[in-house]
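# Fold and contact review
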Amino acid sequence: MKKRFDVVALGELLIDFTENGTSAQGNPLMEANPGGAPCNVLAMLEKLGKNCAFIGKVGDDLFGKMLRDEIVRAGICDDALLTDSEARTTLAFVKTFPNGDRDFSFYRNPGADMMLREDELPLAMLQDTRIFHFGTLSMTHPAVRRATKTAVLTAKEAGAVISFDPNLRPPLWANLEEAKAQIAWGLSQCDILKIADNELLFMTGEEDFDRGAAMLREQYPNIRILNVTAGGDGSWSWCAEHQAFEPASTRGGVIETTGAGDTFCACVLNDVLEHGIDNREETDLHRMLRFANMAAWIVTTRKGAIRSMPERTEVETLL
């Protein structure tokens, strides 16, 4: 049965304030970039011609209005983007290091994205999507956690493929044991997993990707495609009995890595939408990783995330 949406995602929509030079007085200048991992994923999918919708909350403030305008501009359906009259839109201040890595300081106590309630979920939308994608920033507090889990189960019961990216942000958790427990729940529900190298270590204690991936695949046999990303070291994929590795682009020019993992994730979901999730060969995994790695590299050469997503032709030309 044909579904209205290719991908629906739930979670945070926020402003990433990223460094962009200094003023004449020597003060750091911060650029307000629309962001939030789930919407970053959807923005890239829209660039690839997919029909997407976002579920979440922003504040009734300047930044909330800016974010709604931005996702509409990106082509993402905003029917399920709610506005909270009390809580403010979440802000993230991003410190970028010389190698492109970054550190986050969040202004979110509470942020509007935390205020989404279970009874506010658009159940019809969740039942009308091919893929449902989520992370853990919508699982840090009890009420929005209940909403997230209900959304996952509703989409799954309607036949959606479930995609999960832990996107671990330690400052947002009361303690890391709680973070580990909620990530474990996400692992138990997903068909497609995108996990970063530091998150794989956090969940398995293994620095060796093969051993770590094997541990997760044994513990969570529901995971049909498991991808590990390691920044400049490339990415790995496991599916059924097949395994693949593709190196990251060595073209240089990296200025910041915000949104790179989300871009990678979107490209994986696009590959599944276009080629299916079953009966994958090793060549399919290589194709998927090559495209995802190149798209992610392009984003690292630009500021911000949502407005930095490349067109399909740009990625294909570089490949």
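For the structure itself, look to the data block above.
To start, this report covers the structure provided alongside it. Remember, predicted model here, so these are calculated numbers, not experimental data.

### A few points about empty space enclosed by the protein
- Counted under the stated rule, the structure contains one cavity of 30 Å³ or more.
- Put simply, the largest cavity is a space of about 40 Å³.
- Those elements that place two or more of their residues in the lining of the largest cavity are helix H1 (37-47) and strand S8 (129-134).
- Looking at the lining of the largest cavity residue by residue, the class counts come to four nonpolar, four polar and two charged.

### Points about the layout of surface pockets
- When its volume is computed, the second largest pocket comes out at roughly 170 Å³.
- Around the second largest pocket sit Cys-267, Asn-270, Asp-271, Glu-274, His-275, Arg-287, Met-288, Arg-290, Phe-291, Arg-312, Glu-316 and Leu-319, which together line it.
- Within the residue set of the lining of the second largest pocket, elements represented by two or more residues are helix H8 (260-275), helix H9 (282-300) and helix H10 (312-318).
- With five residues, H8 is the single largest residue contributor to the lining of the second largest pocket.
- Looking at the lining of the second largest pocket residue by residue, the class counts come to four nonpolar, two polar and six charged.

### Some points on the nonpolar core
- Formed by 52 residues in total, the largest nonpolar core has its most connected members in Val-7, Leu-13, Leu-42, Leu-45, Ile-76 and Ile-192.
- Sorting the residues of this core by element identifies strand S1 (5-10), strand S2 (14-22), H1, strand S4 (52-59), helix H2 (62-73), H8 and H9 as the ones contributing at least two each.
- The element that contributes the greatest number of residues to this core is H9, accounting for 11 residues.
- Setting aside residues no more than four positions away along its own chain, Ile-76 makes contact with Cys-39, Leu-42, Ala-43, Glu-46, Cys-52, Ala-53, Phe-54 and Ile-71.
- Counting residues in hydrophobic clusters, the runner-up holds 44 residues, among them Cys-77, Met-125, Phe-134 and Tyr-220.

### Regarding the sheet that holds S1
- Read across the sheet, nine strands follow the order S5-S4-S1-S8-S9-S10-S11-S12-S13 without closing on themselves; strand pairing throughout is mixed. The open sheet has two edge strands, strand S5 (77-84) and strand S13 (242-246), and neither has a second partner. With strand direction ignored, the average angle separating the axes of adjacent strands in the sheet is 15°.
- Here S1 runs beside S8; their pairing, made up of four bridges, is parallel. By the bridge assignment for S8, Ala-9 is matched with His-133.

### Re the packing of helix H6 (residues 197-204) against helix H7 (residues 209-219)
- Running from amino to carboxyl end, H6 crosses H7 at an angle of 60°, the nearest separation of the two axes being 10 Å. Here H6 lies oblique to H7, going by the angle between them. As for the relative orientation of H6 and H7, their crossing is left-handed in sense. For the pair formed by H6 and H7, the contact residues are Asp-197, Leu-200 and Thr-204 on the first element and Phe-209, Gly-212, Ala-213, Met-215 and Leu-216 on the second.
- Split by residue class, the contact of H6 with H7 holds five nonpolar, two polar and one charged.

### Re the environment of Ala-266
- You can see Ala-266 is positioned in helix H8.
- Judged by its relative accessible area of 0%, Ala-266 is buried.
- When the C-alpha atoms of Ala-266 and Asn-109 are compared, they prove to be 29 Å apart, with 157 residues separating the residues in sequence.
- When neighbours within four sequence positions are excluded, Ala-266 is seen to be in contact with Val-41, Met-44 and Leu-45.

### Examining the pairing of strand S12 (residues 235-239)
- Summarising burial for S12: five of the five residues are buried, a large majority.
- Of the two faces of S12, the one carrying Ser-235, Ser-237 and Cys-239 and the one carrying Trp-236 and Trp-238 are both buried.
- One ladder, built from four bridges, connects strand S11 (residues 225-229) with S12; its direction is antiparallel. The residue of S12 that forms the bridge with Asn-227 is Ser-237.
- Hairpin geometry of S11 and S12 is characterised by an intervening segment of five residues between the two adjacent antiparallel strands and by a positive phi of about 55° at Gly-231.
- As defined by bridge partners, S12 adjoins S13 across five bridges and the pair is classed as antiparallel. Among the inter-strand pairings, Ser-235 is bridged to a residue of S13, identified as Glu-246.
- Between S12 and the antiparallel strand that follows it, S13, lie two residues; Ala-240 among them carries a positive phi value of about 55°.

### Things to note about the environment of Gly-276
- If you trace the backbone, Gly-276 turns up in the loop between H8 and H9.
- As for Gly-276 and Ala-296, which are separated by 20 residues in sequence, their C-alpha atoms are 22 Å apart.

### Describing H7
- For H7, every residue scored as buried is listed here: Phe-209, Gly-212, Ala-213 and Leu-216. Take H7 and look down its axis: the buried residues cluster within an arc of 95°, on one side only.
- Here the buried face of H7 lies against helix H5 (176-189), strand S10 (192-196), H6, S11 and S12.
- Regarding H7, its N-cap is Asp-208, as a side-chain oxygen of that residue lies 3.1 Å from the backbone nitrogen of Asp-210 further along.

Here is what the cut-offs are and how they apply
- Sequence order as written defines the numbering, with residues in each chain counted from 1.
- Confidence filtering applies because this is a predicted model: local features only for residues at pLDDT of at least 70, side-chain atom pairs given and counted only at 80 or more, and all residues used for totals across whole chains, interfaces and linings.
- Excluded from the side-chain calculation are hydrogens and water; included are all heavy atoms of the structure.
- A 1.4 Å probe that fits into a set of points on a 1 Å grid over the protein atoms alone but cannot get out defines a cavity; an open set with protein on both sides within 12 Å along at least five of seven lines defines a pocket, and lining residues are those with an atom within 4 Å of a point.
- Grid points are joined across faces, edges and corners, and a volume is the space filled by probe spheres set on the points.
- A helix here means a DSSP run of H or I that spans at least four residues, while a strand means a run of E at least two residues long, and both kinds are numbered starting from the N terminus.
- In this classification, Asp, Glu, Lys and Arg are treated as charged, Ala, Val, Leu, Ile, Met, Phe, Trp, Tyr, Cys and Pro as nonpolar, and every other residue, Gly included, as polar.
- Take the buried Ala, Val, Leu, Ile, Met, Phe, Trp, Tyr and Cys residues and link them wherever side-chain atoms come within 4.5 Å; each set so joined is a nonpolar core.
- Accessibility here uses a 1.4 Å probe with only protein chains present; expressed as a share of the type maximum, an area under 20% marks a residue as buried, one over 50% as exposed, and anything in between as partly exposed.
- It only takes one pair of heavy atoms within 4.5 Å for two residues to be counted as in contact.
- Note on pairing: DSSP must find at least two bridges between two strands before they are called paired.
- Angles shown run from 0 to 180 degrees and are taken between the N-to-C directions of axes, each axis being a line fitted to C-alpha atoms and, for helices, limited to the stretch in contact.
- In what follows, roughly perpendicular refers to angles from 65 to 115 degrees, roughly parallel to angles under 35, roughly antiparallel to angles over 145, and oblique to any angle outside these ranges.
- Helix crossings fall into two classes, left-handed where the near helix is turned counterclockwise from the far one by less than a right angle and right-handed where it is turned clockwise.
- By definition, the arc is the one covered by directions from the helix axis to the C-beta atoms.
- N or O atoms closer than or at 3.5 Å make up a polar contact, with two conditions inside protein: a donor-capable atom paired with an acceptor-capable one, and, for residues adjacent in sequence, both atoms drawn from side chains.

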